[in-house]
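Below, each chain spelled out in residue letters.
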Amino acid sequence: MNDVRIESGWKRALSDEFQKPYFQKLRTQVRAAYLEKVVYPPPQYTFGAFNHCHFDAVKVVILGQDPYHGPKQAHGLAFSVQDGVPIPPSLKNIYKEIQDDVGVKPPRSGNLVRWADQGVLLLNATLTVERGQPCSHQGLGWEEFTDAVIQKLSDEKKHLVFMLWGKYAQDKGKNIDYTKHLVLQAAHPSPLSAHKGFFGCKHFSKANFYLEKHGQTPIQW
């Protein structure tokens, strides 16, 4: 992390953030962790969400919390796993809701790069994690960085769709400007809570209706 490997539009948009003391400290701590421990995702994927969904292309933002902490899962996109990895339970429920909402049959892969390449920013609050240690990199500064990302998008863009699933995401999105953007809230898609309001939320059709209403191409979910 000596040099932030991030798409040029994001690099420009966040240039001031990268110079702040907290980010310099974060970078040092995360770099040391990669050298001393097993950390996910692999370093080339740390900013995967940004590199697949360029700053100028963002249409939809889906907030997650923490990368997957098992081998070969995380690759920088919230809720997404690499090809060949079993689809996690929350993503299975996301696929189920998409099928019920817009009629798209669930794919066999949990790799969501195809969404990111269409303008869906799959943003975790924390971008790294130690193997087998969920939430282990919370409090290092990632949350401050991703708060800044959300604020930048809210301030500088209009007519984005933010999907906030569960209390954590909803709290993190509390400063989004609701007058400029569509903010959709529901329960988290985890098996523990999906039946409490995620199933039936119809966020995917609502997002596409809003995008089309504002002259944008809908997402092929």
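Note that this is a predicted model, so its numbers are computed, not measured. (Residues numbered from 1 in each chain as written. Predicted model: local features only at pLDDT ≥ 70, side-chain atom pairs only at ≥ 80, totals over all residues. Heavy atoms only, no water.)

*Asks:* Is there a simple way to think about the pattern of salt bridges in this case?
*Replies:* Where charged atoms of side chains with opposite charge meet at close range, the side chains can pair. Under the definition given, this model contains 6 salt bridges. In this structure, Lys172 and Asp147 form a salt bridge, with 2.6 Å as the shortest nitrogen-oxygen distance. Of this pair, Lys172 sits in helix α8 (residues 167-172) while Asp147 sits in helix α7 (residues 142-156), and the two are 25 residues apart along the sequence. With a closest N to O distance of 3.1 Å, Glu156 and Lys152 form a salt bridge. Placement of both Glu156 and Lys152 in helix α7 is noted, with a separation of 4 residues, approximately one turn of the helix. Taking the relative accessible area as the measure of exposure, Glu156 reaches 48% and is therefore partly exposed. On the basis of relative accessibility, which here comes to 22%, the residue Lys152 falls in the partly exposed class. (Salt bridge = Lys/Arg side-chain N within 4 Å of Asp/Glu carboxyl O. Helix = DSSP H or I, 4+ residues; strand = E, 2+ residues; numbered from the N terminus. Buried < 20%, exposed > 50% of the residue type's maximum accessible area, 1.4 Å probe, protein only.)

*Asks:* Looking at this structure, how should I read helix α5 (residues 89-102)?
*Replies:* The terminal C-alpha atoms of α5 lie 20 Å apart, and with 14 residues this matches the ideal 20 Å at 1.5 Å per residue to within 8%. Those residues of α5 lying buried are Ser90, Leu91, Asn93, Ile94, Tyr95, Glu97, Ile98 and Asp101. Contacts made by the buried residues of α5 are with α6 (113-116), β5 (161-165) and α9 (203-213). Once α5 ends, the next one or two residues include Gly103, with phi positive near 80°. (Expected span 1.5 Å × (residues − 1). Contact = heavy atoms within 4.5 Å.)

*Asks:* Before we go on, may I ask you to explain the layout of surface pockets in this structure?
*Replies:* Once rolled over the atoms, a probe with the size of a water molecule shows which space is left empty. Roughly 480 Å³ of internal volume is contained in the largest pocket. If you go around the largest pocket, you meet 24 residues; those closest to its centre are Gln65, Asp66, Phe79, Ser90 and His188. Every element with two or more residues in the lining of the largest pocket is listed here: β2 (60-64), α5 and α8. Ranked by the residues each element gives to the lining of the largest pocket, the list is headed by α8, at 3 residues. (1 Å grid on protein atoms, 1.4 Å probe; cavity = no way out; pocket = protein on both sides within 12 Å on 5 of 7 lines; lining within 4 Å. Points joined across faces, edges and corners; volume = space filled by probe spheres on them.)

*Asks:* What is the right way to read the pairing of β5 from this model?
*Replies:* Consecutive side chains along a regular strand alternate between the two faces of the sheet. The buried fraction of β5 is high, at 5 of 5 residues. Here β5 shows no split at all, with Val161, Met163 and Trp165 on one side and Phe162 and Leu164 on the other all buried. The pairing of β2 with β5 spans 3 bridges and is parallel. Within β5, the position partnered with Val60 by the bridge is Val161. The pairing of β5 with strand β6 (residues 182-186) spans 5 bridges and is parallel. Counterpart to Leu164 in the pairing with β6 is Gln185. At this point the chain moves from β5, through α8, to the parallel β6, and the crossover so formed is right-handed. (Pairing = 2+ DSSP bridges. Right-handed = clockwise from strand over helix to strand, strands pointing away.)

Function cannot be inferred from these measures alone, as they are strictly geometric.
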